[in-house]
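# Coordinates in review
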Amino acid sequence: MTFQMAEWKRKFFTIWTGQAVSLITSAILQMAIIFYLTEKTGSALVLSLASMAAFLPYALLGPAIGVLVDRYDRKLVMIGADLIIAVAGAVLALAALFMELPVWMIMVVLFIRSAGTAFHTPALSAVTPLFVPSDQLTRYAGFSQSMQSLSYILSPALAAFLYGVWALNAIIAIDVAGALIACLTVAFVSIPKVDTQQGDRARNFMREMKEGFLAIKENKGLFALLLIGTLYMFVYMPINALYPLMSMSYFSGTPMHASITEIAYASGMMAGGLLLGLLGGFKKRIVLMTVSILLMGLSLAVSGLLPVNGFALFVVCCLLMGLSVPFYSGVQTALFQEKIKPEYLGRVFSLTGSIMSLAMPVGLILSGSFADQIGVSSWFLVSGVLITAIALLCLLVPAVRKLDQNSI
């Protein structure tokens, strides 16, 4: 396939401008809903159920969704997913004009929005290699990470400000507008279609799901990388829920201290994404991933060893943790995009997202139990040691080391 430099860059940044707007408005709404549920119920259980509603569709339906993403025009899938998110938000905004929103309605809308995201995310990952040259995938994965990080930085402050001056339905309307902007930017871009050449689709649905799994399993390096990544997420993702506890309990801080650590982490992510964009041509990508996981592990371990007056150093550690993230997730995404045939990418990204999503609640339950028993700082130390050991697996597994030399 021949690429025109100006053309493919225009496509990438057109799509991702819309995605950046949608990411920011969605993150603002997510924070506003948390504020609303906290104010209305004051229940930790309700907040936990809201979090479950937000990721369960991806965790449970991912493999089936991947089949549909690969069967149909991915551009239409992305537009349809954004429209579903917009309609769900519009219904909630209209309801808020006439009544106080019940918790059950918010949960239903969160679930529908999450289902839309479960279609949109793998479709976006699957279309990117159709117009971005393979040698640029890592670089532009870094830019994508930076855009996501920007939403993490802006959304808490904007949500707090808007929630204080506007009604919730007005904030929902902003998110609806963001989803519509994302639809329009995708609609304006010409995206190549993938000929799947399916036969009887109804009868082959289960076979197609299996083909997505086999597409990964046949590449021993990617399959090993998926298992390592699942183990990494199992240990690391639950730590996200413990940052506020570390800031406010162990370091005796306030919500402001917790916000500082979140901003430091997101700022590190944005800087890491930009740096990956500049270093995207670096050939030793497995080395980048290994260093990324190692940096995360060491930063967590150091955090667990800090004294109770070491909050400033904890902020630095959070910055380093964020800095490490794009060099893992961005590089992994680019490797899958490069080494899996385009007709399988929807299923592959849905499957990997589903596995990662399922690893989180299991890890969260176990880590919460251990953290209560041994203390949150000790759990940071234990997690850091475990993640450092996981980094070594990337270098010890021969199939993973060979990924940079192998092609499809």
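Our structure's up above, just so we're on the same page.
Residues numbered from 1 in each chain as written. Predicted model: local features only at pLDDT ≥ 70, side-chain atom pairs only at ≥ 80, totals over all residues. Heavy atoms only, no water.

### Considerations on the overall build of the protein
- Each helix and strand in the protein was counted, giving 15 helices and zero strands.
- Referenced to the eigenvectors of the C-alpha coordinate spread, the extents of the protein come out at roughly 60 × 60 × 40 Å.
- In the protein, which comprises 408 residues, the share counted as buried stands at 51%.
- Considering only contacts in the protein between residues 6 or more positions apart, those separated by 24 or more positions represent 88%. (Helix = DSSP H or I, 4+ residues; strand = E, 2+ residues; numbered from the N terminus. Buried < 20%, exposed > 50% of the residue type's maximum accessible area, 1.4 Å probe, protein only. Contact = heavy atoms within 4.5 Å.)

### With respect to the nonpolar core
- Judged by nonpolar contacts, the single largest core of 56 residues is most densely connected at Tyr 232, Tyr 236, Tyr 243, Met 296, Leu 300, Phe 314 and Phe 380.
- Mapped onto this core, the elements with two or more residues apiece are helix 7 (205-217), helix 8 (220-236), helix 9 (239-250), helix 10 (255-278), helix 11 (285-305), helix 12 (311-339), helix 13 (345-374) and helix 14 (376-396).
- If one sorts the elements of this core by residue count, helix 12 sits on top with 12 residues.
- The residues contacting Tyr 232, other than those within four sequence positions of it, are Ile 293, Met 296, Tyr 328, Ile 387 and Ile 390.
- Among the nonpolar cores identified, the runner-up in size contains 30 residues, and Ala 50, Leu 110, Tyr 163 and Ala 179 belong to it. (Core = buried A, V, L, I, M, F, W, Y, C linked by side-chain atoms within 4.5 Å.)

### A word on the packing of helix 3 (residues 74-98) against helix 6 (residues 168-187)
- Interhelical geometry of helix 3 versus helix 6 gives an angle of 165 degrees and a closest axis separation of 8 Å. The angle between helix 3 and helix 6 falls in the class roughly antiparallel. In this structure, the crossing between helix 3 and helix 6 has a hand that is left-handed.
- When its residues are assigned to classes, the contact of helix 3 with helix 6 shows 18 nonpolar, two polar and three charged. (Axes fitted to C-alpha atoms, helices over the stretch in contact; angles between N-to-C directions. Parallel < 35°, antiparallel > 145°, perpendicular 65-115°, else oblique. Left-handed = near helix turned anticlockwise from the far one by under 90°. Nonpolar A, V, L, I, M, F, W, Y, C, P; charged D, E, K, R; others polar.)

### Some details on the side chain of Ser 354
- Inspection of the secondary structure assignment puts Ser 354 in helix 13.
- Accessibility expressed as a relative area gives 4% for Ser 354, which makes it buried.

### Focus on the side chain of Asn 219
- With respect to the helices and strands, Asn 219 occurs in the loop between helix 7 and helix 8.
- Among residues more than four places away in sequence, those in contact with Asn 219 are Lys 339 and Leu 403.

### Structural notes on the environment of Phe 205
- Position of Phe 205 among the secondary structure elements: in helix 7.
- For the pair Phe 205 and Ala 64, spaced 141 residues apart in sequence, the C-alpha separation works out to 8.1 Å.
- The contact partners of Phe 205, leaving out residues within four places of it in the chain, are Ala 64, Val 67, Leu 68 and Arg 71.

### Let's talk about the environment of Ser 247
- Along the chain, the position of Ser 247 falls in helix 9.
- Between the alpha carbons of Ser 247 and Val 308 there is a distance of 9.8 Å; along the sequence they are 61 residues apart.
- Residue contacts for Ser 247: discarding those within four places in its chain leaves Ser 252, Gly 253, His 257, Ala 258, Thr 261, Phe 311 and Phe 314.

### A closer look at helix 12
- An ideal rise of 1.5 Å per residue puts 42 Å on 29 residues; helix 12 measures up with 43 Å between its terminal C-alpha atoms.
- With respect to burial, helix 12 is a largely interior element, 21 of its 29 residues being buried. (Expected span 1.5 Å × (residues − 1).)

### Things to note about the pattern of salt bridges
- Taken as a whole, this structure holds eight salt bridges when the rule is applied.
- Arg 74 is the partner of Asp 70 in a salt bridge, and the nearest nitrogen-oxygen pair spans 2.6 Å.
- The class for Asp 70 is buried, based on a relative accessible area of 3%.
- Here Arg 74 falls in the buried class, since its relative accessible area comes to 5%.
- In this structure, Asp 175 engages Arg 113 in a salt bridge whose closest nitrogen and oxygen atoms are separated by 2.3 Å. Of this pair, Asp 175 sits in helix 6 while Arg 113 sits in helix 4 (residues 103-131); the two residues are 62 residues apart in sequence, bridging distant segments of the chain. For the residue pair Asp 175 and Arg 113, the accessibility class agrees, reading buried in each case.
- Within the structure, one salt-bridge network assembled from shared partners comprises Asp 70, Arg 74, Glu 211 and Arg 347. (Salt bridge = Lys/Arg side-chain N within 4 Å of Asp/Glu carboxyl O.)

### A word on a nonpolar patch on the surface
- The grouping of Ile 84, Trp 104, Val 108 and Ile 112 at the surface amounts to a nonpolar patch, some 380 Å² of accessible area in total.
- Examining the composition of the nonpolar patch, we find that three residues originate from one element, helix 4, more than from any other.
- As for its position among the elements, Ile 84 is in helix 3. (Patch = residues over 30% accessible without salt bridge, like charges linked within 9 Å, V, L, I, M, F, W, Y side chains within 5 Å. Areas by Shrake-Rupley, 256 points an atom, 1.4 Å probe, with all protein chains shown as cover.)

### Regarding the state of the cysteines
- Considering all chains together, one arrives at zero disulfides under this definition.
- With no disulfide partner, Cys 318 has as its closest neighbouring cysteine sulfur the one in Cys 317, 7.1 Å distant. (Disulfide = S-S within 2.5 Å.)

### Considering the packing of aromatic side chains
- This structure, assessed with the given rule, holds 11 aromatic pairs.
- Between the aromatic rings of Phe 311 and Phe 314, the centroid separation amounts to 6.4 Å while the plane-to-plane angle is 50 degrees, which identifies the pairing as tilted. In this pair, Phe 311 and Phe 314 are both assigned in helix 12, three residues apart and thus about one turn of the helix distant.
- With relative accessibility at 0%, the residue Phe 314 sits in the buried group.
- Seen in terms of ring centroids, Phe 336 and Phe 349 are 6.4 Å apart; in terms of plane orientation they differ by 50 degrees. Their pairing is tilted. With Phe 336 in helix 12 and Phe 349 in helix 13, this pair connects stretches of sequence that are 13 residues apart.
- The buried category is assigned to Phe 336, whose relative accessible area is 2%.
- Grouped by ring-pair contacts, the aromatic residues Tyr 250, Phe 251, Phe 311, Phe 314 and Phe 380 constitute a single cluster. (Phe/Tyr/Trp six-rings, centres within 6.5 Å; stacked < 30°, edge-to-face > 60°.)

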